[in-house]
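The primary structure of each chain is shown beneath.
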Amino acid sequence: MNDPSSALRPRSRPLSAIRTILTNDAAGGIVLMAAAAAALAVANSPLAEGYHHALHLHLGPLSLLHWINDGLMVVFFLMVGLEIKREALDGRLRTWPDRVLPGLAAAAGMIAPALVYLAFNAGGATARGWAIPAATDIAFALGVLALLGPRVPISLKVFLSAVAIVDDLGAVIIIALFYTGSLDITMLAAAAGVLALLFALNRLGVRTLLPYLAAGLALWFFVLRSGVHATVAGVLLALFIPIRPSPGRPEDTTSPLHRLEHGLSPWVSFLIVPVFGFANAGVTLLGLPARALLDPVTLGVALGLFLGKQAGIFAAVRLAVATGLATRPSGASWPQIYGVALLCGIGFTMSLFIGGLAFTDGLHETETKLGVLGGSLLSGIVGAGVLLLARRTARERV
């Protein structure tokens, strides 16, 4: 059994988070699936009232749900920031040729779902949710790939990871630009002061993590009070964590970024993200009006994930390869690439998170969850089916 605390003990070769996910067959994604299923089961059982009541209990200044979404998820976004920085400076996105295919795929895979959503919601108040179907859940998608085992070439797992990382960067920018409330200039100035301190620590060559984490805690508080969503603080902190580039050897034990990423990875994968999933995926279907299944928000989110993601990503890959901008992932057939494009429609964690920022009324929150769960489930099932069929077809042709 994995012991999260063991990650904080010194190791001679700490693995990067993406390498850990790939080598442990995305166990975190499978745990997330179980947490989402448990939330749905509890929300539609006699325990439903206690489940919703507990989430809205206040612990100090925030409710339990807010502590999860605005507190624990900061650590998730810190991980996202660390992965983006490492991959850009020391990994699969280090050079421009490496960035072209996943960059184009991720961009198209965010634009197309937003357009599908707006086709159902343009001109109304619900247009605010346009970004909900724009994100891919890397843990969930890799979890499905893990269940398929060796049927999928490793090049496609790497491609999916790179697309999801660029996708996460886009989601963070969207949250910062479009889901920010009224701003408190004093708190923003205080946050800027903490960023200046982090910059100074980085430039002075401080490699001990404690000063960065202490400053990060202050940064979270000021950002939370500023009106910018608190999770942005996690990404900003990640930008200042020192990294020692080691191309071809991403297990450098002297790199603070690698050590922090490796230490946080099991906590995020096996505790924080499943807790978020359990707290946010609980949709009470009993008594829900039938029209909620066909309302514009539900359809826009579900079809944005299922149709928009696959269309945008697959078209971008075909176009990039046809024009010579990039090469097809090695050993992968076009049906397999299409299957992975379908899996990118699994938008669970980030989609639910953005949905919570876009809507605060109960009906639209419920419709968002229905759309995310429906679109993600459909994308996962059909994507897995396409990959299984692509494998079987390849065998028949041999």
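The shown structure was predicted, so the numbers you read here are calculated from the model rather than taken from an experiment. (Residues numbered from 1 in each chain as written. Predicted model: local features only at pLDDT ≥ 70, side-chain atom pairs only at ≥ 80, totals over all residues. Heavy atoms only, no water.)

Chemist: Could you give me a rundown of a nonpolar patch on the surface, with the residues and numbers involved?
Modeler: Judged by side-chain polarity, Leu 169, Ile 173, Leu 177 and Phe 178 come together as a nonpolar surface patch covering roughly 400 Å² of accessible area. Examined against the element boundaries, Phe 178 turns out to sit in helix 7 (residues 154-178). The partly exposed category is assigned to Phe 178, whose relative accessible area is 46%. (Patch = residues over 30% accessible without salt bridge, like charges linked within 9 Å, V, L, I, M, F, W, Y side chains within 5 Å. Areas by Shrake-Rupley, 256 points an atom, 1.4 Å probe, with all protein chains shown as cover. Salt bridge = Lys/Arg side-chain N within 4 Å of Asp/Glu carboxyl O. Helix = DSSP H or I, 4+ residues; strand = E, 2+ residues; numbered from the N terminus. Buried < 20%, exposed > 50% of the residue type's maximum accessible area, 1.4 Å probe, protein only.)

Chemist: Which residues make up the packing of helix 4 (residues 64-90) against helix 10 (residues 232-240), and what are the values?
Modeler: Relative orientation of the contacting elements helix 4 and helix 10 amounts to 40 degrees, with a least axis distance of 7 Å. The element helix 4 and its partner helix 10 pack so that their crossing is right-handed. Contact residues: helix 4 offers Val 74, Phe 77, Leu 78, Gly 81, Leu 82 and Lys 85, while helix 10 offers Gly 234, Val 235, Leu 237, Ala 238, Leu 239 and Phe 240. (Axes fitted to C-alpha atoms, helices over the stretch in contact; angles between N-to-C directions. Left-handed = near helix turned anticlockwise from the far one by under 90°. Contact = heavy atoms within 4.5 Å.)

Chemist: Give me the layout of surface pockets: which residues, what numbers.
Modeler: Of the volumes computed, that of the largest pocket is approximately 860 Å³. Leu 65, His 66, Asn 69, Gly 356 and Glu 365 are, among the 34 residues lining the largest pocket, the residues nearest its centre. Broken down by element, the lining of the largest pocket gets its largest block of residues, five residues, from helix 14 (residues 348-358). Tallied by class, residues from the lining of the largest pocket come to 14 nonpolar, 16 polar and four charged. (1 Å grid on protein atoms, 1.4 Å probe; cavity = no way out; pocket = protein on both sides within 12 Å on 5 of 7 lines; lining within 4 Å. Points joined across faces, edges and corners; volume = space filled by probe spheres on them. Nonpolar A, V, L, I, M, F, W, Y, C, P; charged D, E, K, R; others polar.)

Chemist: So, the side chain of Arg 86: which residues are in play, and what are the values?
Modeler: Residue placement: Arg 86 occurs in helix 4. A polar contact of 2.5 Å, which involves the side chain of Arg 86, links it to the side chain of Glu 87. (Polar contact = N/O pair within 3.5 Å; in protein donor to acceptor, adjacent residues only side chain to side chain.)

Chemist: I'd like a rundown of the packing of helix 5 (residues 96-121) against helix 12 (residues 296-322), residues and numbers included.
Modeler: Between helix 5 and helix 12, the shortest axis-to-axis distance is 6 Å and the interhelical angle comes to 150 degrees. By the angle between their axes, helix 5 is roughly antiparallel relative to helix 12. Considering the relative orientation of helix 5 and helix 12, their crossing is right-handed. Class assignment for the residues of the contact of helix 5 with helix 12 results in 19 nonpolar, six polar and one charged. (Parallel < 35°, antiparallel > 145°, perpendicular 65-115°, else oblique.)

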